[in-house]
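# Structural characterization, general
Take a look at the letters that make up each chain.
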Amino acid sequence: MYSSSRQSVGAFIFALGVLASSIAAAAPSNVRIIPANRARFLTGQKFDIRVEGRGSGPFFASIAIDGMPVEFTSGRQGTDETDGITSPGYGGFNLRGYANDDAGIHTISATFSDADGTVSSEASFEILDLSGAQPAAKNIIILLGDGMGVAHRTAARLVKFGATDGQPNGYLAMDRFPGTGLVTTHSLNSIVTDSAPGMACYSTGNHSNNGQEGVYPANMTNPFYQPRVEYMAEYLHRTRGASLGLVTSADVEDATPAANAVHTGNRNAGTGVCDQYLDESDSEGSSKYGTGLAVLMGGGRRWFLPAGQFGSSRAAATDYDSLPEDLVNAWHLPSSGKIDPQRDLIQDFIDRGFTYADSATTLSKIGSPDKLLGLFGYGNMNVAFDKLAKRRGAQPGRDTFVVDEYHAPDQPLLEEMTDVALQVLRKNSRGFVLMVEGAHIDKQSHLMDADRVIDETIEFDNAVAVAKQFADNAGNTLVVVLADHECSGFSLIGALTGGIDHLRKLAPDNKTLDPATQPERQRVIGTYDTAAFPRYNILDDGYPETFDIDGKILIGYGANGDRYEGWLMKPLPIVDSLLPDDIKAELRSVGYKDQPYQREESAFGYFIRGQAAGRDNAVHTASDIPVSAYSTGQEGQPNDWYKQFYGVQTNTDVFFKLMRAALGG
Ligand SMILES: [Zn+2]
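Described below are features of the structure shown in this document. (Residues numbered from 1 in each chain as written. Predicted model: local features only at pLDDT ≥ 70, side-chain atom pairs only at ≥ 80, totals over all residues. Heavy atoms only, no water.)

The subject of this paragraph is the coordination of the zinc ion. Within the protein, the atoms that donate to the zinc ion are Asp442 (OD), Asp442 (OD), His446 (NE2) and His620 (NE2), at distances of 1.9 to 2.3 Å. One can describe the donor arrangement at the zinc ion as irregular, given that its four donor atoms subtend angles of 58 to 153° at the metal. Counting along the primary sequence, the residues that act as donors to the zinc ion give the motif D-x3-H-x173-H. Here Asp442, found in helix H13 (residues 440-446), pairs with His620, found in strand E26 (residues 620-621); they are 178 residues apart in sequence, far enough to count as distant. Here Asp442 and His620 have matching classes, each one buried. (Donors = N, O, S within 2.8 Å, 3.2 Å for Na, K, Ca; no water. Tetrahedral: all angles 85-135°; square planar, octahedral: opposite > 155°, others 65-115°. Helix = DSSP H or I, 4+ residues; strand = E, 2+ residues; numbered from the N terminus. Buried < 20%, exposed > 50% of the residue type's maximum accessible area, 1.4 Å probe, protein only.)

This part is about the pattern of salt bridges. Across all of its chains, the model carries 40 salt bridges by this definition. Across the pair Asp340 and Arg314 runs a salt bridge, and its minimum N-O distance is 3.2 Å. With Asp340 in the loop between helix H7 (325-331) and helix H8 (345-351) and Arg314 in the loop between strand E15 (293-299) and H7, the pair connects residues that are 26 residues apart, well separated along the chain. Here the two residues Asp340 and Arg314 agree in accessibility, since each one is buried. A salt bridge links Glu565 to Arg563, with the nearest nitrogen and oxygen atoms 3.1 Å apart. With relative accessibility at 3%, the residue Arg563 sits in the buried group. (Salt bridge = Lys/Arg side-chain N within 4 Å of Asp/Glu carboxyl O.)

Formed by 166 residues in total, the largest nonpolar core has its most connected members in Leu143, Tyr277, Phe304, Phe349 and Leu482. What Tyr277 contacts, discounting residues up to four positions off in sequence, is Leu246, Val252, Pro257, Ala258, Ala261, Val262, Leu293, Leu296 and Phe349. Judged by nonpolar contacts, the second largest core, of 11 residues, contains Ile500, Leu503, Val524 and Ile608. (Core = buried A, V, L, I, M, F, W, Y, C linked by side-chain atoms within 4.5 Å. Contact = heavy atoms within 4.5 Å.)

Quick look at the packing of aromatic side chains now. Ring pairs (aromatic) are described by centroid distance and by the angle formed between their planes. Overall, the coordinates contain 21 aromatic pairs when judged by the stated rule. One aromatic cluster in this structure is built from Phe41, Phe47, Tyr98 and Phe125. Across the ring face of Trp331, the terminal group of Lys46 is positioned such that the distance to the ring centre comes to 5.1 Å. Between Arg615 and the ring centre of Tyr597, over which it is positioned, the NZ or CZ distance is 3.9 Å. (Phe/Tyr/Trp six-rings, centres within 6.5 Å; stacked < 30°, edge-to-face > 60°. Lys NZ or Arg CZ within 6 Å of the ring centre and 35° of its normal.)

A few words on the packing of helix H10 (residues 384-392) against helix H14 (residues 450-474). Taken N-terminus to C-terminus, the directions of H10 and H14 make an angle of 80°; their axes are 8 Å apart at the nearest point. Taken together, H10 and H14 sit at an angle that is classed as roughly perpendicular. Contacts between H10 and H14 involve Ala384, Phe385, Asp386, Lys387 and Leu388 from the first element and Asp451, Arg452, Asp455, Glu456 and Glu459 from the second. (Axes fitted to C-alpha atoms, helices over the stretch in contact; angles between N-to-C directions. Parallel < 35°, antiparallel > 145°, perpendicular 65-115°, else oblique.)

A few words on the sheet that holds strand E7 (residues 90-98). Across the sheet, three strands lie side by side as E2-E4-E7; this open sheet has antiparallel pairing. At either margin of the open sheet sits one strand with a lone partner, and together these are strand E2 (29-34) and E7. For this sheet, the mean inter-axis angle between neighbouring strands, taken without regard to orientation, is 10°. The pairing of E2 with strand E4 (residues 47-54) spans four bridges and is antiparallel. (Pairing = 2+ DSSP bridges.)

Our focus in this paragraph is the sheet that holds strand E17 (residues 372-375). On the basis of which strands lie adjacent, the open sheet formed by 10 strands has the order E16-E17-E15-E14-E18-E10-E19-E27-E13-E28 and mixed pairing. The sheet terminates laterally at strand E16 (355-357) and strand E28 (647-649), the two strands that pair on one side only. The sheet shows a mean angle of 15° between the axes of neighbouring strands, direction not considered. One ladder, built from six bridges, connects strand E10 (residues 139-145) with strand E19 (residues 477-482); its direction is parallel.

Where helix H4 (residues 232-240) contacts helix H18 (residues 651-663), the two axes come as close as 12 Å, and the packing angle between them is 20°. One finds that H4 runs roughly parallel with respect to H18. Like other packed secondary-structure pairs, H4 and H18 cross with a definite hand, here right-handed. In this structure, H4 uses Met232, Tyr235, Leu236 and Arg240 to contact H18, whose residues at the interface are Phe655, Leu658, Met659, Ala662 and Leu663. Classifying every residue of the contact of H4 with H18 gives eight nonpolar, no polar and one charged. (Left-handed = near helix turned anticlockwise from the far one by under 90°. Nonpolar A, V, L, I, M, F, W, Y, C, P; charged D, E, K, R; others polar.)

Its place among the elements puts Pro324 in the loop between E15 and H7. The class for Pro324 is buried, based on a relative accessible area of 12%. When the C-alpha positions of Pro324 and Gly84 are compared, they lie 9.2 Å apart, and in sequence the two are 240 residues distant. Apart from the residues within four sequence positions on either side, Pro324 is in contact with Ile85, Arg96 and Tyr225.

Next comes the structure, spelled out in structure tokens:
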């Protein structure tokens, strides 16, 4: 039986320190201590501390932890340049690679001075000791349905199984996980997060600003210099020798995979992000440091090809240069970062012991190498809807295949990637962390393409089933299904009335902004009783034969952008934003559109004015997301690590619950 405190790490973690500033006349402004007040860490988990402020130099600063003065590792007192990497107009002082083994609340006291005065600040942090004598989970598997809210799960369940007389006819694999609760999704600077801090909350236990992963916000000249916090994978690799696996249907540079392994304040710095995957996978001369990256699979070949080759996106502007000396020393990093757009990163992975797969066919024959790099597209991989079209030999509404036009004709499904990843990772007797992302649940929700969203959610759930099967076979494994945030305010309005052929015959209608005119297309939406129980024909591959059925489920978006909506399947996806420019240009030339509101030439659309400020896309929402957990102990027997996830919890709580299982606390 678990105690109530075990069920909610957050319950016994509370704020003690209050940021207190005493201000002298004409003092520096924006003085702050990093990490933010009330941050939480594991015993021994490393993080960087920084004191910075705005003003006119020369700058001075001091820092004490629990009243004991501590030396900064960088920051020259009494100069304008201080650490040499702080934004102009600011002074900055760093203490890199700090860690504390004493559980409890600690206080950081700092002073910051410029030519005009001094500001004193205080912030608290808490150290949690989650180790113990309980059995420890050897393997942690995080399945991250990007943007997946409750309604995405409901839609996938209803399409795949249907419902009769008020009862679902079946359940998704994730529905069957017993440890279900809700998770808040806020970032450090907003109620609405993006995927970078959304994932990093789970992998570090700390909040960051939007767009930032594995670092804290700071006024610095380079996003790769920002103060770091240790990832779960780094911690478990350093303390235990665990491996890391990252599997995604996105470009591997994308925020969700990177927020498990790469430290940067700019999620879009793709050249540097992908370089860091390899450069910091294992520090030279020691296997104790780095992420232990052993599997990296997804799209994103563009970041691995030397600049100038077809499909390459490598560029100096998105690369990272050599890192500050105190950062390198404190974190035991290789000092090999350099601006090298001509780098052949695939070859460098191979030289470091990775086997490379570039297609589903290669992957299916690869066995279980020690390390695996799989790049199956130039940018984001294609969605299940379009991958399945190629496998079935028919693209709805087209006589060419979308995957061919994306230059990625032979892509694996997410469960196929997950299965191979687990075969590789299980070879490490010290365990692993595996993150599997269903990326397009989010991306297609942004683009308000419901049929592609739902196929993608079914694909993601198939990967959940593979992970559960592994947990049953291998034992000692905790599997959690999460989302980083909800996307689009996805909602099931009801179902089509009047039949799909009636819908196909409706004329386009662009007069719908006149409130006096009800568009015909609105009258076909069955709500309440007239929605009834839609039934899709599911083929042997586990996906609907078509989404265009009589009684089709109709999806609306509470956080929508502008779009043309005809409720019918869309033959072409919107041009994926994470593609190399070469391929984007080709797609446009054969009729692909860049934004949902540009679909006006497609038949049967009617215009819907969105509510989000950026009209291009639907946006993330501040909603809580569901978490579902499953765990097995010795010999694959049921185990109750999953019970920690009952109730409502914050996103950073999830990290500590995962680590409690990993550390036997
Ligand atoms: Zn998103």
